[in-house]
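For reference, the chains in residue letters:
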Amino acid sequence: MPSISQLRKEEQALHALLFTQAQYKNYIPVKSDSLLQIAEAYYRTSSDSLHKAWTLFYLAQYYRDSDEKEKALSYFQQANIASRNIENNQFKFLLNLHWANLLSDEDAENKGIEKYQTANKYAILLKDTLKQIDLYGQWGWCCLLTGKYDCADSLFNMGLKLSTSSKMTYYNYLLNCLSLTARERKDYKRALELVNRSLSLAKDSTELYPLWNNKGEILLEMNQYDSAHFYLSKDTRDYDPYFKATHYLNWSIYEEKIKNLPKALEYSKRYAELLDTIYQERLDSKVANLQHKYDYSLIQSENKLLKIKRQRLYISLTAICMAVLTVAVIFFYKRREEKRKLAEQMRSKDDLMKEMRLQLQEKTIDLHAAQEKIIEKETALDKELSQREKMRSEYSSKEAAMRKEILRHSEIIRKMEQLNKMSQQDKIQSRSVVLSDEEQDNLAEIVNICYNNFTDRLWKKFPTLTKADISLCCLIKIGISNSNMLYLLDTSKVALKKRKNRLKHDKMGMDENDSLDEFIMEF
């Protein structure tokens, strides 16, 4: 597409809207509302209600993502007003769904529920089961976060009924959500049953990580520490600070429950460091309590050690008396036991060596098989690389032919052919071969197309270049000789040389030994 500044206002507005929509559909963060402001300025007074509604909707999305909640709510309201006279159930479903999510985040649950119900109405009209399932999942999650467990349970079950096949992505997600609801109700048996069903259907680590974490937390609350440790250890997500904070909190609770207070204190401190200032006071209190427990545990341990030392002293006095009588028996028993253990160890080593030899043979066979597979894959890869190289070569040839064809039809080639037919005197006297401003602009556009945005890249790297400089660079790029440039640009040999030197030294910062022509040809 041409530069947006070259488009009519209607085309500019449509371009801005479609480009923003493409970013959101491809999960690319929208970092500025400048394009949307162009669309809004046009559609505010336009009769195109649909495009106006979409523009206001994406502005609401942008301000929501920028944490400007009041602006976002205002634009959702404006988008709703703009869409009253249009029949587009898809748009109205998305509008009410995102609006409901924002209202739920802002603790406006009743208004949020109204928007969820409206979104559900449009999902039914669309006859889109996946949209209904997604809606029930998001709606149920908001209810779960606000403590409305009956409502959350009902919505998750409605979504589960629509997910008639366990192969659907949402089916596994909703099972886990129901497990979380049961866990919040302290119904650990049902929570465990649901998360186990979900685990049996999970296909990859993306689905398994939250399930392992959920199951670990359930088992931890059921005081099944070994099993809880096993599942909590399997969730190794650490690319997000919230995941890390959850891990540290779970491990802190776990270590505290098994009376390993120093470790619990360490995890609690890590947890506190990751949370923001809103939670800092509560976490400091938790750390202080753990520190107090730890200090109290140390005092108890020291008291127990003193008591044990006194008991050992009395026992030692008695044992010394008994030791003389029993030392011979103990010595004899130990010698006999050591011989027996030595014999057992020798037998165990023999058995282990036999087993290791068998395993080595099996692994050798597996290694040979793996080597054969690797050789096959390398052969296939070489073949594929060869085909790709051939395709690349063909593409390069086609690209060169296309570039040649485009240049052949350009005005500059026509004038070069005219120059070649003219005598030296005619060249000096004729003005018809001199490139006009429009022809120079066309030349820059053609070279830009043929040589991978040549002029755009050149201007970006050297922003001080003028249009005349760009035209000179384009003539060098397509291989026009200095003698022909004199006639095309209507200049003298000395003036051309000065232009090139000024371009080379002053604007491009090149050294004396550098070649301007070589640089342009390779750029």
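Let us look at the structure shown here. All figures in this text were calculated on a predicted structure; none of them were measured in a lab.

### A look at the overall build of the chain
Here's step 1: When helices and strands are counted, the chain shows 23 helices and zero strands.
Here's step 2: Per-residue burial for the chain yields a buried fraction of 35% across its 523 residues.
Here's step 3: Summarising the internal contacts of the chain: among those between residues at least 6 apart in sequence, 52% fall at separations of at least 24.
Here's step 4: When the accessible area of the chain is evaluated, it comes to approximately 34100 Å², of which 54% is carbon and sulfur surface.

### Some points on the packing of aromatic side chains
Here's step 1: Counted by the stated rule, this structure contains 21 aromatic pairs.
Here's step 2: Taking 5.2 Å as the distance between ring centres and 70° as the angle between the ring planes, the aromatic pair formed by Tyr62 and Tyr63 counts as edge-to-face. Each member of the pair Tyr62 and Tyr63 is classed as buried.
Here's step 3: Centroid distance Phe76 to Trp99: 6.2 Å. Interplanar angle 15°. Geometry classified as stacked. With a gap of 23 residues between them, Phe76 in helix H4 (residues 69-82) and Trp99 in helix H5 (residues 89-105) connect regions that are remote in the sequence.
Here's step 4: Among the residues examined, Trp99 registers a relative accessible area of 5% and is labelled buried.
Here's step 5: Connected via pairs of aromatic rings, a cluster forms that spans Tyr24, Trp54, Phe57, Tyr58, Phe76, Phe91 and Trp99.
Here's step 6: For Lys234, the ring lying beneath its charged end belongs to Trp212, and the centroid distance is 4.3 Å.

### Remarks on the pattern of salt bridges
Here's step 1: Applying the stated criterion across every chain, the model contains 18 salt bridges.
Here's step 2: As a salt-bridge pair, Glu10 and Arg8 come within 3.9 Å of each other at their nearest N and O atoms.
Here's step 3: A relative accessible area of 44% means that Glu10 is categorised as partly exposed.
Here's step 4: Residue classification places Arg8 among the exposed residues on the basis of a relative accessible area of 52%.
Here's step 5: Between Glu217 and Arg183 there is a salt bridge, with its nearest N and O atoms 2.6 Å apart.

### Topic: helix H20 (residues 467-477)
Here's step 1: For H20, a buried count of nine out of eleven residues is recorded, marking the element as mostly surrounded by other parts of the structure.
Here's step 2: Along H20, the residues classified as buried are Asp469, Ile470, Ser471, Leu472, Cys473, Cys474, Leu475, Ile476 and Lys477.
Here's step 3: Backbone geometry just after H20 places Gly479 at a positive phi near 85°.

### Regarding the side chain of Asn250
Here's step 1: Its location among the elements puts Asn250 in helix H13 (residues 241-257).
Here's step 2: Polar side-chain contacts of Asn250 include one of 2.9 Å to the side chain of Glu217.
Here's step 3: Discounting chain neighbours no more than four positions away, the residues touching Asn250 are Asn213, Glu217, Leu220 and Leu232.

### Re the nonpolar core
Note that soluble globular proteins tend to have their nonpolar side chains buried in a common cluster.
Here's step 1: Counting residues in hydrophobic clusters, the biggest one holds 36 residues, and the most contacted among them are Phe454, Leu458, Leu475, Leu488 and Met508.
Here's step 2: Of all the secondary-structure elements, those providing two or more residues to this core are helix H16 (411-421), helix H18 (437-450), helix H19 (454-461), H20, helix H21 (482-488), helix H22 (493-507) and helix H23 (516-522).
Here's step 3: Per element, the largest residue contribution to this core is six residues, and it comes from H20.
Here's step 4: With residues near it in sequence (within four places) discarded, Leu475 still touches Ile412, Leu435, Leu443, Ile480, Met485, Leu488 and Leu489.
Here's step 5: Tyr62, Leu95, Trp99 and Leu103 belong to the second-largest nonpolar core, a separate cluster that totals 28 residues.

### Side note on a negative patch on the surface
Here's step 1: Together, Asp437, Glu438, Asp441 and Glu445 give the surface a local cluster of negative charge.
Here's step 2: Of note, Asp441 is situated in helix H18.

### Some thoughts on H18
Here's step 1: Its 14 residues give H18 an end-to-end C-alpha distance of 20 Å, which sits within 8% of 20 Å, the value for a rise of 1.5 Å per residue.
Here's step 2: Just past H18, the residue Asn452 takes up positive phi, approximately 55°.

### Thoughts on a nonpolar patch on the surface
Here's step 1: Together, Trp141, Leu145 and Tyr173 line one region of the surface with nonpolar side chains, adding up to about 310 Å² of accessible area.
Here's step 2: Its place among the elements puts Trp141 in helix H7 (residues 129-145).

### Comments concerning unusual backbone geometry
Here's step 1: Residue Asp67 is not a glycine yet carries a positive backbone phi of 65°.
Here's step 2: Locating Asp67 in the fold gives a position in the loop between helix H3 (49-65) and H4.
Here's step 3: Of note in this structure, Asn453 is not a glycine but carries a positive phi near 60°.
Here's step 4: The topology assignment puts Asn453 in the loop between H18 and H19.

### A closer look at the packing of H19 against H20
Here's step 1: Where H19 contacts H20, the axes come no closer than 11 Å and their chain directions differ by 130°. By the angle between their directions, the pair H19 and H20 is classed as oblique. The two elements H19 and H20 cross, and the hand of that crossing is right-handed. Between H19 and H20, the contacting residues are Phe454, Thr455, Leu458 and Trp459 on the first element and Lys467, Ile470, Cys473, Cys474 and Lys477 on the second.

### Quick notes on the packing of helix H1 (residues 9-25) against helix H2 (residues 34-43)
Here's step 1: The contact between H1 and H2 brings their axes to 8 Å, and the two run at 135°. As far as their axial angle goes, H2 and H1 are oblique. When the axes of H1 and H2 are compared, the crossing they make is left-handed. Residues Lys9, Glu10, Gln12, Ala13, Leu14, Ala16, Leu17, Phe19 and Thr20 of H1 lie in contact with H2, whose contacting residues are Leu35, Leu36, Ile38, Ala39, Tyr42 and Tyr43.
Here's step 2: Class assignment of the residues belonging to the contact of H1 with H2 gives a composition of eleven nonpolar, two polar and two charged.

What counts and how
- Residues numbered from 1 in each chain as written.
- Predicted model: local features only at pLDDT ≥ 70, side-chain atom pairs only at ≥ 80, totals over all residues.
- Heavy atoms only, no water.
- Helix = DSSP H or I, 4+ residues; strand = E, 2+ residues; numbered from the N terminus.
- Buried < 20%, exposed > 50% of the residue type's maximum accessible area, 1.4 Å probe, protein only.
- Contact = heavy atoms within 4.5 Å.
- Areas by Shrake-Rupley, 256 points an atom, 1.4 Å probe, with all protein chains shown as cover.
- Phe/Tyr/Trp six-rings, centres within 6.5 Å; stacked < 30°, edge-to-face > 60°.
- Lys NZ or Arg CZ within 6 Å of the ring centre and 35° of its normal.
- Salt bridge = Lys/Arg side-chain N within 4 Å of Asp/Glu carboxyl O.
- Polar contact = N/O pair within 3.5 Å; in protein donor to acceptor, adjacent residues only side chain to side chain.
- Core = buried A, V, L, I, M, F, W, Y, C linked by side-chain atoms within 4.5 Å.
- Patch = residues over 30% accessible without salt bridge, like charges linked within 9 Å, V, L, I, M, F, W, Y side chains within 5 Å.
- Lys, Arg positive; Asp, Glu negative; His and termini not counted.
- Charge placed at Lys NZ, Arg CZ, Asp CG, Glu CD.
- Expected span 1.5 Å × (residues − 1).
- Axes fitted to C-alpha atoms, helices over the stretch in contact; angles between N-to-C directions.
- Parallel < 35°, antiparallel > 145°, perpendicular 65-115°, else oblique.
- Left-handed = near helix turned anticlockwise from the far one by under 90°.
- Nonpolar A, V, L, I, M, F, W, Y, C, P; charged D, E, K, R; others polar.

None of the figures reported here should be taken as evidence of function without further support.
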